[in-house]
Every structure is written in structure tokens, then in C-alpha cells.
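Structural characterization, general
One letter stands for each residue in the lines below.
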Amino acid sequence: MILPRLPLAAPNAGTAIEMSNIDAMLLLAICEKGWDSAVKLVTKLIGGDDGEVILGGRSLSRKEVQQHLNDRVMHIRTKQLAKLLELGVVMISD
């Protein structure tokens, strides 16, 4: 399954990077609402009730949607954040 991808500005690289739509939504929610509220916000945005989200041809339950989003947040936190900071896509402020 190919997910839509969203280009994000990467000023330190002088270009843009592409990120899956769901990861981009999570990243924006993390920036706006913090790590703890991102999954709840994106679940609302994508209509995360039972049967409303299809992944790999299968309808997901609300619990499965939340687990998938939690997994993606963990991936962003552990695998992508350092590179996103380096490229200037996001920055940390007090």
C-alpha cells in the first residue's frame, strides 16, 4: 500500500523531504499539542472509530488505529526526530 506523501521544507538542506501523510499529521500534532496529545488529535482528524480506517485492505478497530498511531509516534521520536532537527524541518524551543 502506498500512502500519500507530503513534502516538508528542509531549509538546512536547501531542499524538501517527503514524509507520509499520517507521519506529517502526527508531526504537526506533536508540534501543536505535544507528544501526549498527538495520537488523540490525529485519531479524531482521520475518523478513528471502528471501521473508518483501512490499512492493508483491512478495517481497523479504534484500538488498532490508536496502536498504529502510537507506533508511528514512537518511530518519529526514535528514528526521525534527530534527522528532522538536523534538516531544519522542526526545531526545539523553550
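Everything below is about the structure shown above.
Residues numbered from 1 in each chain as written. Predicted model: local features only at pLDDT ≥ 70, side-chain atom pairs only at ≥ 80, totals over all residues. Heavy atoms only, no water.

Helices and strands together make up the secondary structure of the chain, namely three helices and four strands. Counting from the amino terminus, the chain carries its helices and strands in the arrangement β-β-α-α-β-β-α. In terms of overall dimensions, the chain has C-alpha extents of about 40 × 30 × 20 Å along its principal axes. Within the chain, the fraction of its 94 residues that count as buried is 31%. (Helix = DSSP H or I, 4+ residues; strand = E, 2+ residues; numbered from the N terminus. Buried < 20%, exposed > 50% of the residue type's maximum accessible area, 1.4 Å probe, protein only.)

Opposite charge on two side chains makes pairing possible when the charged atoms of those side chains draw close. All told, the structure shown has three salt bridges when counted by the stated rule. As a salt-bridge pair, Arg72 and Asp23 come within 2.6 Å of each other at their nearest N and O atoms. Here Asp23 lies in helix α1 (residues 21–33) and Arg72 lies in helix α3 (residues 62–87), a separation of 49 residues in the sequence. Note that Arg58 and Glu64 form a salt bridge whose closest N and O atoms lie 3.1 Å from each other. When its relative accessible area of 30% is taken as the criterion, Glu64 is described as partly exposed. (Salt bridge = Lys/Arg side-chain N within 4 Å of Asp/Glu carboxyl O.)

Moving on, we come to the nonpolar core. Soluble globular proteins tend to pack their nonpolar side chains together in the buried interior. Among the nonpolar cores identified, the biggest contains 23 residues, and Leu27, Leu69 and Val89 are the most heavily contacted of them. Secondary-structure elements contributing two or more residues to this core are β1 (5–10), α1, α2 (38–46) and α3. Look past the residues within four positions of Val89 in its chain and what remains in contact with it is Leu8, Ala9, Ala10, Pro11, Ile17, Leu27 and Leu84. (Core = buried A, V, L, I, M, F, W, Y, C linked by side-chain atoms within 4.5 Å. Contact = heavy atoms within 4.5 Å.)

Here α1 spans 18 Å end to end across 13 residues, near enough to the 18 Å set by a 1.5 Å rise per residue. Along α1, the positions that sit buried rather than exposed are Ile22, Asp23, Ala24, Leu26, Leu27, Ala29 and Ile30. Directly beyond the C-terminal end of α1, a positive phi value near 95 degrees is found at Gly34. (Expected span 1.5 Å × (residues − 1).)

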